Amino acid sequence: SGFLGWVLAPTQRHSYCPACFSEDLEHGRTPFFRIDWAPVLVTTCWSHKTPLFNWEAVDSAGARQLPKEWIYKLDNFR
């Protein structure tokens, strides 16, 4: 089930499903990138059947930059 041994993807792929991210936030989880989105030939979310979008917030080294609201509770920021 899923892609365990082969992934036809560049070293870093930044595809994501906004519906999955919304569900993560609604359930109090930090949104995360699923391994099922990594293969180049996968263009839709298997759960929601929605197109995958390209995450634009990437630093010069290619690492994803997540919104601070996802990691910290801004009302109790330390």
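So, here's what we can say about the structure. For every chain, the first residue of its written sequence is number 1, and the numbers climb from 1 along that sequence. Local features are withheld for residues below a pLDDT of 70 in this predicted model, meaning they are given only at 70 or higher, and side-chain atom pairs are given and counted only at 80 or more; totals for whole chains, interfaces and linings count all residues. The side-chain figures draw on all heavy atoms in the structure; neither hydrogens nor water molecules are used.

### Side note on unusual backbone geometry
Backbone geometry places Lys-49, a non-glycine residue, at a positive phi of 60°. A helix here means a DSSP run of H or I that spans at least four residues, while a strand means a run of E at least two residues long, and both kinds are numbered starting from the N terminus. By the secondary structure assignment, Lys-49 is in the loop between helix H1 (18–26) and strand E2 (53–54).

### With respect to the pattern of salt bridges
A pairing counts as a salt bridge when a side-chain nitrogen of Lys or Arg comes within 4 Å of a carboxyl oxygen of Asp or Glu. As enumerated under the stated definition, the model contains two salt bridges in all. Put simply, Asp-24 and Arg-29 hold a salt bridge, and the shortest N to O gap is 2.9 Å. Note on exposure labels: buried denotes an accessible area under 20% of the residue type's maximum, exposed denotes more than 50%, and partly exposed covers the range between, all computed with a 1.4 Å probe on protein chains only. Asp-24 gets classed as buried once you look at its relative accessible area, which sits at 0%. One network of salt bridges, in which partners are shared, links Asp-24, Arg-29 and Arg-34.

### Digging into the state of the cysteines
The term disulfide is used for any two cysteine sulfur atoms that are within 2.5 Å. Applying the stated rule across the entire model yields zero disulfides. Sulfur of Cys-17: no disulfide; nearest cysteine sulfur belongs to Cys-45 and is 3.7 Å away. Looking at Cys-45, it has no disulfide partner, and the nearest cysteine sulfur is the one in Cys-20, 3.6 Å off. Residue Cys-45 is classed as buried on the basis of its relative accessible area of 1%.

### Considering the side chain of Ser-15
In this structure, Ser-15 sits in strand E1 (residues 15–16). Discounting chain neighbours no more than four positions away, the residues touching Ser-15 are Phe-33, Trp-37, Leu-52, Phe-53 and Asn-54. Should any heavy atoms of two residues lie within 4.5 Å, those residues are counted as being in contact.

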